Amino acid sequence: VRSRKGLSVNVPERNVDGTLAIDSNIRPIYTLLPSLPPYLSGKLNGTVNLTGSSVTPGAEGTISLSEGRFEETSLGLTLTQLAGDIDFSYANDLAQAKLNISGAGAEGRPNSVNFSGTATRNAEMTKLDSLLTLDNAAIISGPDIKVRTAADLKLSGELENLLLAGDINIEEITAGIPDG
């Protein structure tokens, strides 16, 4: 069926009942989402229960991250040993996710990084409400610079207009001038 607003497809209403399982490295997901920078690596494991109908689908499940690593090379920012769960649901055009991820800074001190929060998405907007806590975490640790920090940062609001607020305490900065 072609309409003035573009191409559309008539889908007969049928029940949806099934389970989608994932047990994979995270990297292939970037192929499906090419606009996301591939900062995160690790393993994903979980199940998603599919419900509803072909016209009003629903989904609910938990995906677990293990052996996660976040690395933004231009800044040298590195988080390691990331692990935790993402619980989510989708029904009536509303997607909701609850995240709880912990890990280490660049030098591997366990539980020095914690990220928790919620994300919701409907037809009009995506909204975040999250908290990043750093507890004496070495977020940058390289041959020329090392940064150890504590922070409580709240990231909230609509995706197009996010607000970042909180406290950052730089506990240590060591910088060297490279030979050359």
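Look a little higher up for the structure.
Now for a description of the structure that goes with this document.

Definitions and cut-offs
Residues numbered from 1 in each chain as written. Predicted model: local features only at pLDDT ≥ 70, side-chain atom pairs only at ≥ 80, totals over all residues. Heavy atoms only, no water. Helix = DSSP H or I, 4+ residues; strand = E, 2+ residues; numbered from the N terminus. Buried < 20%, exposed > 50% of the residue type's maximum accessible area, 1.4 Å probe, protein only. Contact = heavy atoms within 4.5 Å. Areas by Shrake-Rupley, 256 points an atom, 1.4 Å probe, with all protein chains shown as cover. 1 Å grid on protein atoms, 1.4 Å probe; cavity = no way out; pocket = protein on both sides within 12 Å on 5 of 7 lines; lining within 4 Å. Points joined across faces, edges and corners; volume = space filled by probe spheres on them. Nonpolar A, V, L, I, M, F, W, Y, C, P; charged D, E, K, R; others polar. Pairing = 2+ DSSP bridges. Patch = residues over 30% accessible without salt bridge, like charges linked within 9 Å, V, L, I, M, F, W, Y side chains within 5 Å. Salt bridge = Lys/Arg side-chain N within 4 Å of Asp/Glu carboxyl O. Core = buried A, V, L, I, M, F, W, Y, C linked by side-chain atoms within 4.5 Å.

1. Digging into the overall build of the chain
Alright, step 1. When you go through the chain residue by residue, the secondary structure sums to one helix and 11 strands.
Alright, step 2. Across the chain, helices and strands are ordered from the amino to the carboxyl terminus as β-β-β-α-β-β-β-β-β-β-β-β.
Alright, step 3. Projecting the C-alpha coordinates of the chain onto the three principal axes gives extents of approximately 65 × 35 × 35 Å.
Alright, step 4. Relative to its 180 residues, the chain shows a buried fraction of 24%.
Alright, step 5. Within the chain, contacts between residues separated by at least 24 positions form 38% of all contacts whose residues are at least 6 apart in sequence.
Alright, step 6. Accessible surface, the chain as shown: approximately 12,100 Å² in total, 55% of it carbon and sulfur.

2. Comments concerning the side chain of Thr-149
Alright, step 1. By the secondary structure assignment, Thr-149 is in strand E10 (residues 145–158).
Alright, step 2. Setting aside residues no more than four positions away along its own chain, Thr-149 makes contact with Leu-134, Asp-135, Asn-136, Ala-137, Ile-139, Ile-168, Asn-169, Ile-170 and Glu-171.

3. Regarding the layout of surface pockets
Alright, step 1. Empty space within the largest pocket amounts to approximately 2,100 Å³.
Alright, step 2. In this structure, the largest pocket is lined by 47 residues; those nearest its centre are Leu-36, Leu-40, Ile-86, Leu-99 and Phe-115.
Alright, step 3. It is strand E9 (residues 126–141) that contributes the most residues to the lining of the largest pocket, seven residues altogether.
Alright, step 4. In terms of residue class, the lining of the largest pocket is built from 39 nonpolar, six polar and two charged.

4. Quick word on the pairing of E9
Alright, step 1. In the sheet, strand E8 (residues 113–121) pairs with E9 via nine bridges, with the strands oriented antiparallel. Within E9, the position partnered with Gly-117 by the bridge is Ser-130.
Alright, step 2. Linking E9 to E10, which pair antiparallel, is a turn of three residues.

5. Some thoughts on the pairing of strand E5 (residues 57–72)
Alright, step 1. As defined by bridge partners, strand E4 (residues 40–52) adjoins E5 across 12 bridges and the pair is classed as antiparallel. By the bridge assignment, Val-48 is partnered in E5 with Gly-61.
Alright, step 2. In this antiparallel pair of consecutive strands, E4 and E5, the connection spans four residues.
Alright, step 3. Sheet analysis places E5 next to strand E6 (residues 77–91), joined by 11 bridges and oriented antiparallel.

6. Section: a nonpolar patch on the surface
Alright, step 1. Where nonpolar side chains cluster on the molecular surface, the patch consists of Ile-145, Ile-168, Ile-170 and Ile-173 and spans about 380 Å² of accessible area.
Alright, step 2. Element by element, the count of residues in the nonpolar patch is highest for strand E11 (residues 163–175), at three residues.
Alright, step 3. Relative to the helices and strands, Ile-145 is located in strand E10.
Alright, step 4. By relative accessible area, Ile-145 is classed as partly exposed at 37%.

7. Here's the deal with the pattern of salt bridges
Two side chains of opposite charge can pair, provided their charged atoms sit close to one another.
Alright, step 1. Under the definition given, this model contains eight salt bridges.
Alright, step 2. For Arg-69, the salt bridge goes to Glu-71, with nearest N and O atoms at 3.1 Å.
Alright, step 3. Residue Glu-172 pairs with Arg-148 through a salt bridge whose shortest N-O separation is 3.4 Å. On the criterion of sequence distance, the pair formed by Glu-172 in strand E11 and Arg-148 in strand E10 is long-range, its members being 24 residues apart.
Alright, step 4. When its relative accessible area of 14% is taken as the criterion, Arg-148 is described as buried.
Alright, step 5. Overlapping salt bridges bring together Glu-107, Lys-146, Arg-148 and Glu-172 as one network.

8. Quick look at the nonpolar core
Alright, step 1. By size, the foremost hydrophobic cluster in this structure holds 17 residues, and its most contacted members are Leu-134 and Ile-139.
Alright, step 2. Elements with a contribution of two residues or more to this core: E4, E5, E6, E9 and E10.
Alright, step 3. Sorting elements by how many residues they give to this core places E9 first, with four residues.

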